[in-house]
Amino acid sequence: DTAVSQTPKYLVTQMGNDKSIKCEQNLGHDTMYWYKQDSKKFLKIMFSYNNKELIINETVPNRFSPKSPDKAHLNLHINSLELGDSAVYFCASSPPGAGGNSPLHFGNGTRLTVT
Amino acid sequence: AQKVTQAQTEISVVEKEDVTLDCVYETRDTTYYLFWYKQPPSGELVFLIRRNSFDEQNEISGRYSWNFQKSTSSFNFTITASQVVDSAVYFCALSELLNNAGNMLTFGGGTRLMVKP
């Protein structure tokens, strides 16, 4: 029944490693997003995809590469992890909105800790 | 550029007190949408309400109510008779349409509400 699911829930890794976070939604939505929540709880958009096409890339370092194999999936791959990448990463989805009124449905988040 | 400000970083109340969470926004759009989300200690983000810019009617849902005032660019959230389960971080957000392909939410910094028994 889970609408937006992310795996893994927790990810602990060392600096310099490469890791991926997977996201899947079963809501039939066209648009998916990645948001980053830092240690002060501030939420900021990273990427948005619509029907597998990149819509937004908010000045995210190119060590971060999203991949959308189909409109139900948006994975996040991170190369050469740095300490500052430690955060909670949220995947979300929304249907096509008539003027931006669609609420985003969020996954439960992936807590990434880089040591 | 859009901006959302939640000036109250942390609020502490005793159960059954009423509490209002403030949200002020900035946008150049004439049509926009505002949202409130709740993040309980378990960490998920829960959608609470959305309001469009041309509907200034206040809304009430159980113990929750929202006061949207376009003249002051504010969208405040009141919890009546607060309960311990209301303890969470609450986020106000402003929507920007992405060429009819979903919408980008700009979030405020959040207000941590602690309700003590």
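Our structure's up above, just so we're on the same page.
Residues numbered from 1 in each chain as written. Chains lettered and ligands numbered in written order. Predicted model: local features only at pLDDT ≥ 70, side-chain atom pairs only at ≥ 80, totals over all residues. Heavy atoms only, no water.

Engineer: So what exactly am I meant to see when it comes to the overall build of chain A here?
Structural biologist: Scanning chain A for helices and strands turns up zero helices and eleven strands. Secondary structure elements of chain A occur, N-terminal to C-terminal, as β-β-β-β-β-β-β-β-β-β-β. Its C-alpha atoms give chain A a radius of gyration of 13 Å, within 12% of the compact-globule value 13 Å for 115 residues. Here the C-alpha coordinates of chain A stretch approximately 40 × 30 × 30 Å along the principal axes. Relative to its 115 residues, chain A shows a buried fraction of 46%. When contacts within chain A are restricted to residue pairs at least 6 apart in sequence, long-range pairs at least 24 apart make up 53% of them. Entry remark: accessible area of chain A is about 5,500 Å², with carbon and sulfur atoms responsible for 49%. (Helix = DSSP H or I, 4+ residues; strand = E, 2+ residues; numbered from the N terminus. Rg over C-alpha atoms; globule rule 2.2 N^0.38 Å. Buried < 20%, exposed > 50% of the residue type's maximum accessible area, 1.4 Å probe, protein only. Contact = heavy atoms within 4.5 Å. Areas by Shrake-Rupley, 256 points an atom, 1.4 Å probe, with all protein chains shown as cover.)

Engineer: Sorry, what's going on with the pairing of strand β3 (residues 19-25) of chain A here?
Structural biologist: Every regular strand shows the same layout, with side chains that alternate between the two sheet faces. Residues and elements named next belong to chain A. Both strand β1 (residues 4-7) and β3 contribute to a ladder of four bridges, which runs antiparallel. Bridging across to β3, T7 finds its partner in K22. Where β3 and strand β8 (residues 73-78) come together, four bridges link them in antiparallel fashion. If you follow E24 over to β8, its bridge partner there is H73. (Pairing = 2+ DSSP bridges.)

Engineer: Before we go on, may I ask you to explain the packing of aromatic side chains in this structure?
Structural biologist: Considering all chains together, one arrives at 19 aromatic pairs over all chains under this definition. With centroids separated by 4.9 Å and ring planes inclined at 5°, the aromatic side chains of W66 of chain B and F77 of chain B adopt a geometry described as stacked. Of this pair, W66 of chain B sits in strand β8 (residues 64-69) while F77 of chain B sits in strand β9 (residues 74-79), and the two are eleven residues apart along the sequence. Both residues of the pair, W66 of chain B and F77 of chain B, count as buried. Ring-pair connections join several aromatic residues into one group, and the members of that group are Y33, Y35, F90 and F106 of chain A together with F35, Y37, F47, F91 and F107 of chain B. (Phe/Tyr/Trp six-rings, centres within 6.5 Å; stacked < 30°, edge-to-face > 60°.)

Engineer: It is not clear to me how the sheet that holds β3 of chain A should be interpreted in this structure. Could you clarify?
Structural biologist: Hydrogen bonds between backbone groups are what pair the strands of a sheet, and the pairing can be parallel or antiparallel. Residue and element names in this part refer to chain A. Reading across from one edge, β1-β3-β8-β7 is the order of the four strands in this open sheet, with antiparallel pairing throughout. Across the chains shown, the open sheet's two edge strands, defined by having one partner strand only, are β1 and β7 (64-70). The average angle at which neighbouring strand axes cross in this sheet is 20°, direction not considered. (Axes fitted to C-alpha atoms, helices over the stretch in contact; angles between N-to-C directions.)

Engineer: Mind showing me how you'd approach the state of the cysteines here?
Structural biologist: Simply put, the disulfide is a covalent bond whose two ends are the sulfur atoms of two cysteines. Residue and element names in this part refer to chain A. Taken as a whole and assessed by the stated rule, the structure comprises two disulfides over all chains. Here C23 connects covalently by a disulfide to C91, the sulfurs 1.8 Å from one another. Here the disulfide of C23 and C91 is left-handed, its torsion about the S-S bond being about -80°. Here the residue C23 occupies a position in strand β3, and C91 occupies one in strand β9 (residues 87-94), the gap between them amounting to 68 residues. Of the two residues, C23 and C91, both sit in the buried class. (Disulfide = S-S within 2.5 Å.)

Engineer: How do you make sense of the interface of chain B and chain A when you look at a structure like this?
Structural biologist: Many structure descriptions define interface size as the accessible area lost when the parts assemble. Taken together, the contact pairs 24 residues of chain B with 28 residues of chain A. For the pair chain B and chain A, the two sides together bury roughly 2,100 Å², of which 60% comes from carbon and sulfur. Counting the surface chain B buries against chain A, the share from its top three residues, L45, N103 and F107 of chain B, is 24%. If you look at where chain B meets chain A, you find zero salt bridges. Remark: the boundary between chain B and chain A carries three residue pairs in polar contact (both at pLDDT 80 or more). (Buried area = accessible area lost by both parts, 1.4 Å probe. Salt bridge = Lys/Arg side-chain N within 4 Å of Asp/Glu carboxyl O. Polar contact = N/O pair within 3.5 Å; in protein donor to acceptor, adjacent residues only side chain to side chain.)

Engineer: Mind showing me how you'd approach the pattern of salt bridges here?
Structural biologist: For side chains bearing opposite charge, pairing can occur when the charged atoms are close. Per the stated rule, a full pass over the model turns up five salt bridges over all chains. Between R63 of chain B and D86 of chain B there is a salt bridge; the shortest N-O distance is 2.8 Å. With R63 of chain B in the loop between β7 (59-61) and β8 and D86 of chain B in the loop between β9 and β10 (88-97), this residue pair connects regions lying 23 residues apart in the sequence. Put simply, R63, E82 and D85 of chain A are held in one network by salt bridges that share partners.

Engineer: What is the right way to look at the nonpolar core in this model?
Structural biologist: A general tendency of soluble globular proteins is for nonpolar side chains to be buried together. All names here are of chain B. Counting 23 residues, the largest nonpolar core has W36, F75, F77, Y90 and L113 as the members making the most contacts within it. Looking at this core, the element that brings in the most residues is β10, giving four residues. What F75 contacts, discounting residues up to four positions off in sequence, is C23, L34, F35, W36, I49, R51, W66, N67, F68 and C92. (Core = buried A, V, L, I, M, F, W, Y, C linked by side-chain atoms within 4.5 Å.)

Engineer: Is there a simple way to explain the pairing of strand β12 (residues 111-116) of chain B in this structure?
Structural biologist: Residue and element names in this part refer to chain B. Of the two faces of β12, the one holding T111, L113 and V115 is buried and the one holding R112, M114 and K116 is not buried anywhere. With five bridges joining them, strand β2 (residues 10-14) and β12 adopt parallel strand pairing. Across the sheet, S12 pairs through a bridge with M114, a residue of β12. In this sheet, β12 lies alongside β10 in antiparallel orientation, the contact comprising three bridges.

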